[in-house]
Amino acid sequence: MWLYHAPAGGLCNGCDIEIAAAITPRYDVERFGILLAPSPRHADILLIAGQMTKHSRERLLRVYQQVPEPKAVVAIGSCAISGNVFTTDNYPLAGTIDQVIPVDVYVPGCPPKPEAIILGVVKAIEKLEKRTAESI
Amino acid sequence: MKSSIIKEALKYFTSPVTEAFPATKPYFPKKYRGPPVYDQDKCMGCMACAHVCPADAITVTEKDGKRALEVWYGKCTFCARCEEACPVDAIHLMEKYGIPSEDKFAFKSTVTHDMVKCKLCGKPIITVRHAEWIRKNLIEKMGDIVGPEEIDFFLTVCRECRHKIENIPELRKLLIRVLVKGEKT
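Residues numbered from 1 in each chain as written. Chains lettered and ligands numbered in written order. Predicted model: local features only at pLDDT ≥ 70, side-chain atom pairs only at ≥ 80, totals over all residues. Heavy atoms only, no water.

Further remarks concern the sheet that holds strand E5 (residues 108-117) of chain B. Strand pairing in a sheet relies on backbone hydrogen bonds, with the paired strands running either antiparallel or parallel. Residue and element names in this part refer to chain B. Reading across from one edge, E2-E3-E5-E6 is the order of the four strands in this open sheet, with antiparallel pairing throughout. The sheet is open, and its two borders are formed by strand E2 (58-63) and strand E6 (124-127), each paired with just one other strand. Strand-to-strand twist in this sheet, taken as the mean axis angle between neighbours without regard to direction, amounts to 30°. Examined bridge by bridge, strand E3 (residues 66-72) and E5 share seven bridges and lie antiparallel to one another. Residue Lys66 lies in a different strand from E5, and its bridge partner there is Asp114. Sitting on the sheet, helix H4 (residues 128-142) is in contact with E5 and E6, with an inclination near 70° to E6. (Pairing = 2+ DSSP bridges. Helix = DSSP H or I, 4+ residues; strand = E, 2+ residues; numbered from the N terminus. Axes fitted to C-alpha atoms, helices over the stretch in contact; angles between N-to-C directions. Contact = heavy atoms within 4.5 Å.)

Here it is in structure tokens:
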């Protein structure tokens, strides 16, 4: 299962650091068959962290369209779910992520613990396998 | 300090670094801030937590004479301001992490309270437990100036009814008594 990590613009990098922590030998996500992909065209699962800005909205859509079917999206952190302390009607921000692209699994936390991120990705893999079985 | 670093380094030669994650309990450092959870037995519904919440993750809804407080972890910053502000230690940040879910409104903690209704107009004012708490504290701290009947009047009549013209002289008398006491001390 290949992951592509896409930070959605305005964020404090806390969630990105936790994603980086989740792929260290301490948690060793390769046990679950999870690897990072360098390009969205090679990926199965999209990890999105942070609050979406007006500038990053188009880029995020383009990244989402580049991921081949079947695909799953995981929203990581409070910012990706609801906007957190930044309200959604803030000027530079373009709403929450699920208003633009369909999100499969939400991982709460500010930032979430690496364990929560791994559980979220495992849940997305289960969903993805179900989806592939249906499409065949 | 140095010996602890050496001990930590030696661990890597003796045992594997990788945690057997789903099988073992995750490690929580000291002062870890997890999701805040309400204690239904202690909470009195005073809304201090909702007032200080910087992300507006705590919402208050009043319906059918009941007040419900709800923390939504999808908006929470885990800053522990609610824990600081709570006068009765009813909300605590637990040592756990949010479980991922397909429904973003699945992660939350709620409490509900019965409310006191206004004697004159029947509008809900404050929760029953909050009224009890105020009564107890007032008698303890200002028992010599305020009588128990007056406290009952203030806790069972809503603000609009209290400010009506026929109730104002009583209010003024109490205010003068409190002010005189304040000047003396």
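From this point, the discussion proceeds with the structure in view.
Quick look at a nonpolar patch on the surface now. Taken together, the side chains of Ile6, Leu10 and Phe13 of chain B define a hydrophobic patch exposed on the protein surface, amounting to about 370 Å² of accessible area. Along the chain, Phe13 of chain B turns up in helix H1 (residues 2-14). (Patch = residues over 30% accessible without salt bridge, like charges linked within 9 Å, V, L, I, M, F, W, Y side chains within 5 Å. Areas by Shrake-Rupley, 256 points an atom, 1.4 Å probe, with all protein chains shown as cover. Salt bridge = Lys/Arg side-chain N within 4 Å of Asp/Glu carboxyl O.)

So, on to the packing of helix H5 (residues 148-156) of chain B against helix H7 (residues 168-184) of chain B. All names here are of chain B. Relative to each other, H5 and H7 sit at 120°, their axes nearing to 12 Å. Between H5 and H7, the angle is such that the two are oblique. Crossing hand, H5 versus H7: left-handed. Taken together, the residues of H7 that come into contact with H5 (itself represented by Glu150, Phe153 and Phe154) are Glu170, Leu171, Leu174 and Arg177. Broken down by class, the residue content of the contact of H5 with H7 amounts to four nonpolar, no polar and three charged. (Parallel < 35°, antiparallel > 145°, perpendicular 65-115°, else oblique. Left-handed = near helix turned anticlockwise from the far one by under 90°. Nonpolar A, V, L, I, M, F, W, Y, C, P; charged D, E, K, R; others polar.)

Another aspect to go through is unusual backbone geometry. Cis geometry is found at the peptide bond from Glu69 of chain A to Pro70 of chain A, where omega equals -10°. As for its position among the elements, Pro70 of chain A is in the loop between helix H2 (54-66) and strand E4 (72-76). In this structure, Pro111 of chain A follows Cys110 of chain A across a cis peptide bond, with omega equal to -10°. Mapping Pro111 of chain A onto the fold places it in the loop between strand E5 (105-107) and helix H4 (114-135). Located in the positive-phi region is Phe78 of chain B, a residue other than glycine, with phi close to 55°. Inspection of the secondary structure assignment puts Phe78 of chain B in the loop between E3 and helix H3 (81-85).

Further remarks concern the packing of aromatic side chains. All names here are of chain B. Under the criterion given, the structure shown has three aromatic pairs over all chains. Residues Trp72 and Phe105 carry aromatic rings whose centres are separated by 4.9 Å and whose planes lie at 25° to one another, so their mutual orientation is stacked. Here Trp72, found in strand E3, pairs with Phe105, found in the loop between strand E4 (91-93) and E5; they are 33 residues apart in sequence, far enough to count as distant. Using a relative accessible area of 15% as the deciding quantity, one classes Trp72 as buried. A relative accessible area of 44% means that Phe105 is categorised as partly exposed. Plain terms: the ring middles of Phe153 and Phe154 are 5.5 Å apart, the flat faces sit at 85° to each other, and that makes the pair edge-to-face. (Phe/Tyr/Trp six-rings, centres within 6.5 Å; stacked < 30°, edge-to-face > 60°. Buried < 20%, exposed > 50% of the residue type's maximum accessible area, 1.4 Å probe, protein only.)

The next thing to look at is the sheet that holds strand E2 (residues 35-36) of chain A. Residues and elements named next belong to chain A. Read across the open sheet, the five strands follow the order E2-E1-E3-E4-E5; overall the sheet is parallel. Each edge of the sheet is formed by a strand with only one pairing partner; in this case those strands are E2 and E5. As paired strands, E4 and E5 are joined by three bridges and run parallel to one another. If you follow Ile76 over to E5, its bridge partner there is Val107.

Residue and element names in this part refer to chain A. For the pair helix H1 (residues 14-22) and H4, the least separation of the axes is 9 Å and the interaxial angle reads 75°. Classified by the angle their axes make, H1 and H4 are roughly perpendicular. Contact with H1, carried on its side by Glu18, Ile19, Ala21 and Ala22, involves Pro114, Ile117 and Ile118 of H4 and no other residues of that element. In terms of residue class, the contact of H1 with H4 is made up of six nonpolar, no polar and one charged.

What the rule picks out here adds up to 13 salt bridges over all chains. The partner of Asp104 of chain A in a salt bridge is Lys127 of chain A, with the nearest N and O atoms 3.5 Å apart. In this pair, Asp104 of chain A is assigned in the loop between helix H3 (78-81) and E5 and Lys127 of chain A in helix H4, connecting sequence segments 23 residues apart. Look at Asp104 of chain A and you get buried, because its relative accessible area is 9%. Overlapping salt bridges, with partners in common, bring together Asp104, Lys127 and Arg131 of chain A together with Glu102 of chain B in one network.

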